[in-house]
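# Observations on the model geometry
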Amino acid sequence: MTAGLRATRAYLAARPDADIDWAAAPPRYKRYPPAGRSVLPWNSGSDPLAGLLRDLMGLRPRWSYPVALTGTARQERPLVDVGRPVPSGGGLHPVELYVCTGPGSGRAAGLYHYDPAHHCLDLVRPGDHRAAMSGLLDAPPAVLPDLVVACTAVFWRNGFKYRDFAYNLQCQETGALAAQFLAIAKALDRRASVHVIFRDREVNALLGVEPAAEGALALLTLGTDTAARIEDLPTAADLTATPAAAPLDASPAVPTTLPHLTRLHTTAARPTRVRDHVPRYPGAAAGGPRVPLPDARPVRLADGVAGRASPLAGYRRDPVDADALAAVLAHAARGYRGDLPGAYAAPVAVDPHVVVDRVRGLAPGAYRYDADRNSLVQVGDASAIALVRNGPVHENTGLGLATAAAVVVPVGDPLDADRGLGDRWYRVLQIETGLVVHRAALAAAACDLGARIHSDGANRATDAAIGLTDRPERSLSFLLLGHERRGPRLPAPPPQRRELP
Ligand SMILES: Cc1cc2nc3c(=O)[nH]c(=O)nc-3n(C[C@H](O)[C@H](O)[C@H](O)COP(=O)(O)O)c2cc1C
């Protein structure tokens, strides 16, 4: 049933087309005045929050010898690039992090903004915001978290390039950050959860962001603080009596430049309750023969954090081991702690599929992953590969596709009105898509495989290849996988590898 969802329909139908004015590209991170700055150590020994933020968003150098898109080495000097731990469409990083700390974090309790360029926290407003912020969740935690992290999107940051499609990326990148947060928390043996249903207007007001330019998409919580009682901490009304610090560079409001994004975001912001969300019960989805997978290679997602980077020049011809693919799919399909009913068991919105070209022991074809039985259900034969390769993709995606060993494709229904979340469903679906696909990328990195998202691969040709032509579900992302083809990496072991336990 797909009645309603008018803002989602209008968003999906929009094909905004405008020249990109690169000269007017906005700054790639937000800055606040340095009064109240808390400079973070790069090595997190004495300050676990510093390590968490560095592994979520801290800038990191990458050294490599340049390789052409076609994989041939270029006779040029080594390249030094500054990247971030979590991928971002076009490297524009539209998501900002705001951290609510309590007195135990080694700095004054407050609402801080993380500045990745300077690896520091800037005070946005003093006072312990954890109870007020988590009180705006639709499913607030019973015990106060140690930390509440708000992820917001600065709409114009990537909107100047991608126009309204920027919202899709902003939601998926929020999901990717959530996946990384969960992976790091697990390695630190901390409880973490992802909240996507909250009172938007109040959250944005508490953060002090201009809602026409920036909006919260997810709230992440870490740990439990049994030393403080929620009822003893300041309320949102107490806190907002002090105005939030104003950022140094105001982000432009986007209602006229990104009208479909604005409409979808604001419609989705109408109060929604988690208990209205109708969980999906797995049905007997159609499919062909079932193919068992070997036991997944035992890797931790945190082991992929240090080495993950999107391959620049495609993949080598040697096939991928089936136990590595099993690990990628198992991690992608694993449940997570969050506010959506059912998510603890498995993702609630998205089903991972895979198009296989060269995986040892598996016939080329398209498959739906069945996590419960660690097996693949065939949904397309070997012609699926040609179908996907002939899809309408950009040159670099085509070159990557020509050499990738497999493609992981999360699938879900953007117009599923039966879930009861109205136009917020699109946001929830895309956040979970980003979470699932980034878990796959981290697992791939932990297996020493390369993986790169190519959004343009999520198209009708891919839908046809995985048997969705007459179904409401769609391919939502597209993660190429294989042994990365690259020039020698210069030895620069990142400190994270030594630090995560
Ligand atoms: C949501 C999302 C969509 C992306 N879409 C594409 C894409 O369509 N084509 C592409 O080549 N890379 C795509 N990427 C990869 C980014 O270009 C890459 O993450 C960015 O350049 C930063 O590099 P890194 O991943 O090595 O840190 C995407 C990444 C994300 C998170």
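Since we're looking at a predicted model, the values are computed, not measured.

Parameters at a glance
Residues numbered from 1 in each chain as written. Predicted model: local features only at pLDDT ≥ 70, side-chain atom pairs only at ≥ 80, totals over all residues. Heavy atoms only, no water. Domains from an automatic or database assignment. Contact = heavy atoms within 4.5 Å. Buried area = accessible area lost by both parts, 1.4 Å probe. Salt bridge = Lys/Arg side-chain N within 4 Å of Asp/Glu carboxyl O. Polar contact = N/O pair within 3.5 Å; in protein donor to acceptor, adjacent residues only side chain to side chain. Near = heavy atom within 4 Å. Areas by Shrake-Rupley, 256 points an atom, 1.4 Å probe, with all protein chains shown as cover. Helix = DSSP H or I, 4+ residues; strand = E, 2+ residues; numbered from the N terminus. Nonpolar A, V, L, I, M, F, W, Y, C, P; charged D, E, K, R; others polar. Core = buried A, V, L, I, M, F, W, Y, C linked by side-chain atoms within 4.5 Å. Buried < 20%, exposed > 50% of the residue type's maximum accessible area, 1.4 Å probe, protein only. Phe/Tyr/Trp six-rings, centres within 6.5 Å; stacked < 30°, edge-to-face > 60°. Lys NZ or Arg CZ within 6 Å of the ring centre and 35° of its normal.

### Observations regarding the domain arrangement of the protein
By the assigned domains, the protein splits into domain 1 (27–66 + 87–271) and domain 2 (290–482). For domain 1 versus domain 2, the distance between C-alpha centres works out to 27 Å. At the junction of the two partners, domain 1 supplies 37 residues and domain 2 supplies 30 residues. For the domain 1 face of the interface with domain 2, the top three residues by lost area are Pro87, Gln172 and Val196, together amounting to 20%. On the surface where domain 1 and domain 2 come into contact, there are two salt bridges. Between domain 1 and domain 2 we count 16 residue pairs in polar contact (both at pLDDT 80 or more) in total.

### Digging into the site of the ligand
Surveying the vicinity of the ligand reveals 19 residues, the closest of which are Arg308, Ser310, Asn396, Ile453 and Ser455. One of the side-chain N or O atoms of Arg308 is found 2.9 Å from an oxygen atom in the ligand. One of the side-chain nitrogen or oxygen atoms of Asn396 is found 2.7 Å away from an oxygen atom of the ligand. Starting from 630 Å² of accessible surface for the ligand in isolation, the protein chains cover 87%. Breaking the shell around the ligand down by element, the ones donating at least two residues are α5 (166–187) and β15 (450–453). If one sorts the elements of the shell around the ligand by residue count, α5 sits on top with three residues. Looking at side-chain class alone, the shell around the ligand contains four nonpolar, nine polar and six charged residues. Here the shell around the ligand spans two domains, since at least three of its residues come from each of domain 1 (27–66 + 87–271) and domain 2 (290–482).

### So, the nonpolar core
With 100 residues, the main nonpolar core has Tyr167 and Leu481 as its most contacted residues. For this core, the domains that each give at least three residues are domain 1 (27–66 + 87–271) and domain 2 (290–482). The residues contacting Leu481, other than those within four sequence positions of it, are Tyr315, Leu325, Val328, Ala404, Ala405, Ala406, Val408, Ala444, Gly450 and Ala451. Judged by nonpolar contacts, the second largest core, of 19 residues, contains Cys100, Val124, Leu137 and Val203.

### Notes on the pattern of salt bridges
Within this structure, the stated rule accounts for 27 salt bridges. Note that Asp47 and Arg107 form a salt bridge whose closest N and O atoms lie 2.5 Å from each other. Of the two residues, Asp47 sits in the loop between β1 (38–39) and α2 (48–57) while Arg107 sits in the loop between β4 (95–101) and β5 (110–115), which places them 60 residues apart along the sequence. One connected set of salt bridges, linked through shared partners, spans Arg297, Asp321, Asp323 and Arg360.

### Focus on unusual backbone geometry
Although it is not a glycine, Leu5 adopts a positive phi angle of roughly 50°. For Asp189, which is not glycine, the phi dihedral falls at a positive 60°. Here Asp189 shows up in the loop between α5 and β8 (192–195). Overall, Asp189 belongs to the exposed group, its relative accessible area being 71%.

### Examining the packing of aromatic side chains
Tallying each qualifying case throughout the model produces four aromatic pairs. Between the aromatic rings of Tyr11 and Tyr167, the centroid separation amounts to 6.3 Å while the plane-to-plane angle is 75°, which identifies the pairing as edge-to-face. With Tyr11 in helix α1 (residues 6–13) and Tyr167 in helix α5, the pair connects residues that are 156 residues apart, well separated along the chain. For Tyr11, a relative accessible area of 6% translates into the label buried. With a relative accessible area of 0%, Tyr167 lands in the buried category. Seen from their ring centres, Trp22 and Phe160 are 5.3 Å apart, and the 85° between their planes marks the pair as edge-to-face. One end of the pair, Trp22, is in the loop between α1 and β1; the other, Phe160, is in helix α4 (residues 155–162), with 138 residues separating them in the sequence. Overall, the relative accessible area of 47% leaves Trp22 in the partly exposed class. Of the aromatic side chains, those joined through ring pairs into one cluster are Tyr11, Tyr167 and Tyr426. The cationic tip of Arg54 hangs over the ring face of Trp42; the distance from NZ or CZ to the ring centre is 5.8 Å. One Lys or Arg, Arg424, reaches over the ring of Phe198 and ends 5.0 Å from the middle of that ring.

### Regarding the side chain of His454
If you trace the backbone, His454 turns up in the loop between β15 and α13 (460–465). In this structure the side chain of His454 is engaged in a polar contact, spanning 2.8 Å, whose partner is the side chain of Thr397. In this view, His454 contacts Asn396, Thr397, Phe478 and Leu480; residues no more than four positions away in its chain are not counted.

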